[in-house]
Amino acid sequence: MAEQMLGRGVPLYRRRIGRLALDTAASAGLSLVLAASLVVSATAQDAGFADKAAPIKLQLNRLEPADDSCRATIVVDNSRGTALKSYKLDLFAFDTDGIAQKRVAAELGPISARKTTVKIFNFPGIACPKLSRVLLSDVLACEGGDATRESCLERTETETKANVPFDR
C-alpha cells in the first residue's frame, strides 16, 4: 500500500477515479456547449433557409392590348411567405430592337401571407406586339414583417407564360 500512496497521502486509485470524474465532467460540459452552439447554428441556418425557401414568385402570365397600352397580368405567388403591406417593382419594357421603351413602377401590394394573387397594370404608350422583353430592374419598396427592399429583391423569382421573356 505504501507503493500506491503518492504525494499527499491519497491512494493512486482514488486519484485516478477523481481524475476520471473530472475528465468526464469536462467532456460532458464541452459536449453541452458544442450541442448548444450546433442548435444555435442550425436555428440560424433554418431561419436563413426559410427566407430562401420562401421566394416571391412573379409570373408574367399575359400581355394584352388595352387602348394605347399593353396590359400586363402578373401572378404573385407568396404561398410560403409572410404578408407584405407594400411590394413595389421597377419594371422596364423593351421593344423588338432591344431598346428600353417604358418604365413602370408597379405597386403589387398588399400581398397576403401564404396566398397567390393576380395583379394587373399597364405599360402606357407601347403596343403589345412591340414588346420583346420585360425586365424587373429593382424592388423599389417592400414593407411587412422584417422584410427589406434588398431581401425582397433577393427572394423574387421571375418566369413567364406570355410570349416575351420576364427576367431580373
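Residues numbered from 1 in each chain as written. Predicted model: local features only at pLDDT ≥ 70, side-chain atom pairs only at ≥ 80, totals over all residues. Heavy atoms only, no water.

K.L.:
I keep staring at the overall build of the chain and nothing clicks. Help me out?
P.N.:
Tallying secondary structure elements over the chain gives two helices and ten strands in all. What you see in the chain, going N to C, is helices and strands ordered as β-β-α-β-β-β-β-β-β-α-β-β. By residue count, 32% of the 168 residues in the chain fall in the buried class. For the chain, restricting intrachain contacts to residue pairs at least 6 apart in sequence, the fraction spanning at least 24 positions comes to 65%. Only carbon and sulfur atoms are counted for the fraction: they give 54% of the accessible area of the chain, which is about 10700 Å². (Helix = DSSP H or I, 4+ residues; strand = E, 2+ residues; numbered from the N terminus. Buried < 20%, exposed > 50% of the residue type's maximum accessible area, 1.4 Å probe, protein only. Contact = heavy atoms within 4.5 Å. Areas by Shrake-Rupley, 256 points an atom, 1.4 Å probe, with all protein chains shown as cover.)

K.L.:
Honestly, the nonpolar core in this entry has me stumped. Any pointers?
P.N.:
A general feature of soluble globular proteins is that nonpolar side chains tend to end up buried together. Formed by 31 residues in total, the largest nonpolar core has its most connected members in Leu58, Leu60, Leu63, Tyr87, Leu108, Phe121 and Phe123. At the level of secondary structure, the elements contributing two or more residues to this core comprise β3 (56-66), β4 (69-78), β5 (86-95), β6 (100-107), β7 (115-124) and β8 (131-143). By residue number, the principal contributor to this core is β8, which donates five residues. Apart from residues no more than four positions distant in its own chain, Phe123 is found in contact with Ser69, Cys70, Ala72, Leu91, Phe92, Ala93, Lys102, Val104 and Val134. (Core = buried A, V, L, I, M, F, W, Y, C linked by side-chain atoms within 4.5 Å.)

K.L.:
Just checking my understanding: could you explain the sheet that holds strand β9 (residues 156-160) for this structure?
P.N.:
Remark on secondary structure: sheet strands pair via backbone hydrogen bonds, oriented parallel or antiparallel. Spatial strand order, β7-β4-β3-β9: four strands in an open sheet with mixed pairing. Both outer strands of the open sheet, β7 and β9, are each paired with one neighbouring strand and no more. Strand-to-strand, the axes of this sheet are offset by a mean angle of 25°, without reference to chain direction. (Pairing = 2+ DSSP bridges. Axes fitted to C-alpha atoms, helices over the stretch in contact; angles between N-to-C directions.)

K.L.:
What is the right way to look at the pairing of β3 in this model?
P.N.:
Walk down a regular strand and you will see the side chains alternate between the two sheet faces. Of the pairings in the sheet, the one linking β3 to β9 comprises five bridges and is parallel in character. Its bridge partner lying in β9, Lys57 is registered against Glu157. Where β3 lies against β4, nine bridges are found, and the strand directions are antiparallel. Bridge pairing in β4 links Lys57 to Asp77. Taking the residues between adjacent antiparallel strands as the criterion, β3 and β4 are bridged by two residues, where Asp67 takes a positive phi near 55°.

K.L.:
Looking at this structure, how should I read the sheet that holds β5?
P.N.:
On the basis of which strands lie adjacent, the open sheet formed by four strands has the order β6-β5-β8-β10 and mixed pairing. This sheet does not close on itself; its edge strands, each paired only once, are β6 and β10 (166-167). Here β5 pairs with β6 via seven bridges, running antiparallel. Residue Lys88 lies in a different strand from β6, and its bridge partner there is Glu107.

K.L.:
Sorry if this is basic, but what is going on with the environment of Arg168 here?
P.N.:
Structurally, the position occupied by Arg168 is in the segment after β10. Along the primary structure Arg168 and Ser137 are separated by 31 residues, whereas in three dimensions their C-alpha atoms are 6.1 Å apart. With residues near it in sequence (within four places) discarded, Arg168 still touches Leu135, Leu136, Leu153, Glu154, Thr156 and Thr158. A polar atom in the side chain of Arg168 sits 2.3 Å from the backbone oxygen of Leu153. Here Thr156 takes part through its backbone oxygen, which lies 2.8 Å from a polar atom of the side chain of Arg168. (Polar contact = N/O pair within 3.5 Å; in protein donor to acceptor, adjacent residues only side chain to side chain.)

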